[in-house]
Amino acid sequence: MAHRPMGFVLVSLITLVIAERILYPYYATVPRLWGITIIEDQSNGWAVMALAEGAAYLIAILLLVGRMAEHEERMVRLEQAT
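Residues numbered from 1 in each chain as written. Predicted model: local features only at pLDDT ≥ 70, side-chain atom pairs only at ≥ 80, totals over all residues. Heavy atoms only, no water.

A. Spatial organisation of the overall build of the protein chain. When helices and strands are counted, the protein chain shows 2 helices and 0 strands. The burial tally for the protein chain puts 12% of its 82 residues in the buried class. Across the protein chain, the fraction of contacts at a sequence separation of at least 24, relative to all contacts at a separation of at least 6, is 42%. (Helix = DSSP H or I, 4+ residues; strand = E, 2+ residues; numbered from the N terminus. Buried < 20%, exposed > 50% of the residue type's maximum accessible area, 1.4 Å probe, protein only. Contact = heavy atoms within 4.5 Å.)

What follows is the structure, encoded as structure tokens:
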């Protein structure tokens, strides 16, 4: 399970950033609002999704590390009290 984020990043990088074709044909029919190409839009979308996923994993890891530190501190206090 720990390898999944890296796999997502690698597959996404290969398919969206390096892609030279439109991955979703529907995008070809949608008007371009900000003057960027469809390929640029796909690349930017990948970056946004990767950042959001990375932030979610970072928050989860920080919460786990914080709980582990609290638990360790509690155990040290119990040892010192006895």
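B. Fine view of the pattern of salt bridges. Within this structure, the stated rule accounts for 2 salt bridges. For R32, the salt bridge is made with D41, and the minimal N-O distance between the two is 3.6 Å. E73 serves as the salt-bridge partner of R77, at 2.2 Å between the closest nitrogen and oxygen. Taken together, the residues span about one helical turn, with R77 and E73 both in helix α2 (residues 38-81) at a distance of 4 residues. (Salt bridge = Lys/Arg side-chain N within 4 Å of Asp/Glu carboxyl O.)

C. Here's a closer look at the environment of L23. Assignment of secondary structure puts L23 in the loop between α1 (4-17) and α2. Residue class for L23 comes out partly exposed when judged on its relative accessible area of 25%. A C-alpha to C-alpha distance of 8.8 Å links L23 and I39, two positions 16 residues apart in sequence.

D. Here's a closer look at α2. The end-to-end C-alpha separation of α2 is 65 Å, in line with the 64 Å expected for 44 residues at 1.5 Å each. Every buried residue of α2 is listed here: I38, Q42, S43, W46, A50 and E53. (Expected span 1.5 Å × (residues − 1).)

Read these as layout, nothing more, since geometry by itself doesn't imply function.
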